[in-house]
Amino acid sequence: MTAATVLVGCPSGDPPPPDGLPPSASAVCGTNLCLDLNDPLNAALTMVDGALTVRAPKDTILIVRTSTGAAQAVSDICTHAACGVRYDRAGKALTCPCHGSRYTLTGAVLRGPATQPLKRYVTQLDESTNLLTIML
Ligand code: FES
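Observations concerning the overall build of the protein chain
Then, number 1: Within the protein chain one finds zero helices and twelve strands.
Then, number 2: Going residue by residue from the N terminus, the α and β elements of the protein chain occur as β-β-β-β-β-β-β-β-β-β-β-β.
Then, number 3: When burial is assessed residue by residue, the protein chain has 30% of its 136 residues classed as buried.
Then, number 4: For the protein chain, long-range pairs separated by at least 24 residues make up 35% of all intrachain contacts whose partners lie at least 6 apart in sequence.

Some thoughts on the sheet that holds strand β3 (residues 51-56)
Then, number 1: If you walk across this open sheet you meet the four strands as β3-β4-β5-β10, and the pairing is antiparallel. The open sheet has two edge strands with one neighbour each: β3 and β10 (120-121).
Then, number 2: Bridge count between strand β5 (residues 70-75) and β10: two bridges; the pairing is antiparallel. Considered in β10, the bridge of A73 is made with Y121.

Notes on the confidence of the model for the protein chain
Then, number 1: When pLDDT is averaged along the protein chain, the result is 87, and 84% of the positions lie at 70 or above.
Then, number 2: Note that residues 1-18 has pLDDT below 50 and, in this model, 23 contacts with residues that lie over four places away or in other chains.

Looking at the nonpolar core
Then, number 1: Grouped together as the largest cluster of nonpolar side chains are 30 residues, with contacts concentrated most on L62 and I63.
Then, number 2: Breaking this core down by element, the ones donating at least two residues are β2 (32-36), β3, β4 (59-67), β5 and β12 (131-134).
Then, number 3: The dominant element in this core, judged by the number of residues it contributes, is β4, at four residues.
Then, number 4: Not counting chain neighbours up to four residues away, the residues in contact with L62 comprise A51, T53, V74, D76, V85, Y87 and L94.

Some details on the sheet that holds strand β8 (residues 102-103)
Then, number 1: Reading across from one edge, β6-β7-β8-β9 is the order of the four strands in this open sheet, with antiparallel pairing throughout. Across the chains shown, the open sheet's two edge strands, defined by having one partner strand only, are β6 (86-88) and β9 (109-111).
Then, number 2: Direction of pairing for strand β7 (residues 93-95) relative to β8: antiparallel, over a ladder of two bridges. Bridge pairing in β8 links L94 to Y103.

Parameters and conventions
- Numbering of residues starts from 1 in each chain and follows the order in which that chain's sequence is written.
- The predicted nature of this model means local features are confined to residues of pLDDT at least 70 and side-chain atom pairs, given and counted, to a pLDDT of 80 or more, with totals for whole chains, interfaces and linings taken over all residues.
- Per the convention used, a helix needs a DSSP run of H or I reaching at least four residues, while a strand needs a run of E reaching at least two, with both numbered from the N terminus.
- Each residue is classified by how many other C-beta atoms fall within 10 Å of its C-beta atom, where C-beta atoms are placed from the backbone; a count of 20 or more means buried, 12 or fewer means exposed, and values in between mean partly exposed.
- For every residue pair, C-beta atoms are placed from the backbone, and the pair is scored as a contact if these atoms sit within 7 Å.
- Here a strand pair is declared whenever DSSP counts at least two bridges between the two strands.
- Each residue carries a pLDDT score, the predictor's own confidence in it, on a scale running from 0 to 100.
- Buried Ala, Val, Leu, Ile, Met, Phe, Trp, Tyr and Cys residues form a nonpolar core when they are connected through C-beta atoms within 7 Å.

So this is what it looks like as structure tokens:
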């Protein structure tokens, strides 16, 4: 990671994006997606069990903070019929509201009708800078 990474985010106070995603601050950094967890728009990911959905150039990615030093990231597009999956905090799983598919936090299918896993992204969390990198 270079010190010259530039993060671009929505200024606080902006209305939520029209597609229903909560506001977040992320930016393409090289070939990856970077989130500055110091930005209040990414506050959900500063706590274990926090989750945030962010727009990537070719996907929408659901990120769950799974421990103080790690996060899991998967495509939020259900492989059954493309609804957006959500984090079930109590069940520690991802669920699809459309037809009930369930996935592990790494995207493996727990229950259908989906039969294919969610696309998984490797993540890297730098605890010294609070920068989360999603490898695209
Ligand atoms: S679209 Fe997700 S279970 Fe059907």
